[in-house]
Amino acid sequence: MLRPKLPDIPTLPTTTVTPQQVQAPAPSASRPVAPYVGVGVGAVAAVVVVGIVLTALLAAVAISAVSVAIAAVVLRSLVANAHKH
């Protein structure tokens with residue numbers, strides 16, 4: 001899959017700091033969320049399209065099965081009537 005290239009977090013110059021002032025920067029604050037939202041929307045759209053296609057195929061198979069069953073019943077009744085006469 002294509003992944004967006006995220007910018008590198010700039011490094012701060014090293015200085016002597018007391019332990020009370022050391023704070024880790026929030027990694028999610030500098031990264032944009034927009035590229036991930038676009039990938040999520042594409043994935044959801046793909047799942048919806050695949051679901052619609054599979055549902056249509058299942059409906060087509062069910063309709064074909066019903067029509068074959070009806071044709072079999074009609075042919076069986078015609079053959080049974082032909083043997084009686």
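Note on numbering: residues in each chain are counted from 1, in written sequence order. With pLDDT at 70 or above as the cut-off, local features in this predicted model cover only qualifying residues; side-chain atom pairs require 80 or more to be listed or tallied, and sums for whole chains, interfaces and linings still use all residues. Heavy atoms from the whole structure form the basis of all side-chain values; hydrogens and water molecules are not counted.

K.L.:
Which parts of the structure should I look at to understand the overall build of the protein?
P.N.:
Only runs of H or I of at least four residues qualify as helices and only runs of E of at least two qualify as strands under DSSP, and these elements are numbered from the N terminus. Helix and strand counts for the protein come out as one helix and zero strands. Partly exposed describes any residue whose relative accessible area lies between the buried limit of under 20% and the exposed limit of over 50%, with all areas from a 1.4 Å probe on protein chains only and scaled to the type maximum. Relative to its full complement of 85 residues, the protein shows a buried share of 0%. Using a 1.4 Å probe, accessible areas were evaluated by the Shrake-Rupley method; residue-level cover was limited to the displayed protein chains. On the protein, roughly 8000 Å² of surface is accessible, and the fraction owed to carbon and sulfur atoms is 73%.

K.L.:
Explain a nonpolar patch on the surface here, please?
P.N.:
Patch membership needs two things, relative accessible area over 30% and no salt bridge, and members are linked within 9 Å if like-charged or within 5 Å if nonpolar (Val, Leu, Ile, Met, Phe, Trp, Tyr). When a carboxyl oxygen of Asp or Glu is within 4 Å of a side-chain nitrogen of Lys or Arg, the pair counts as a salt bridge. A surface patch of nonpolar side chains, about 450 Å² in accessible area, is lined by Val49, Val50, Val53, Leu54 and Leu57. Tracing the chain through its elements places valine 49 in helix H1 (residues 34–84). The class for valine 49 is partly exposed, based on a relative accessible area of 48%.

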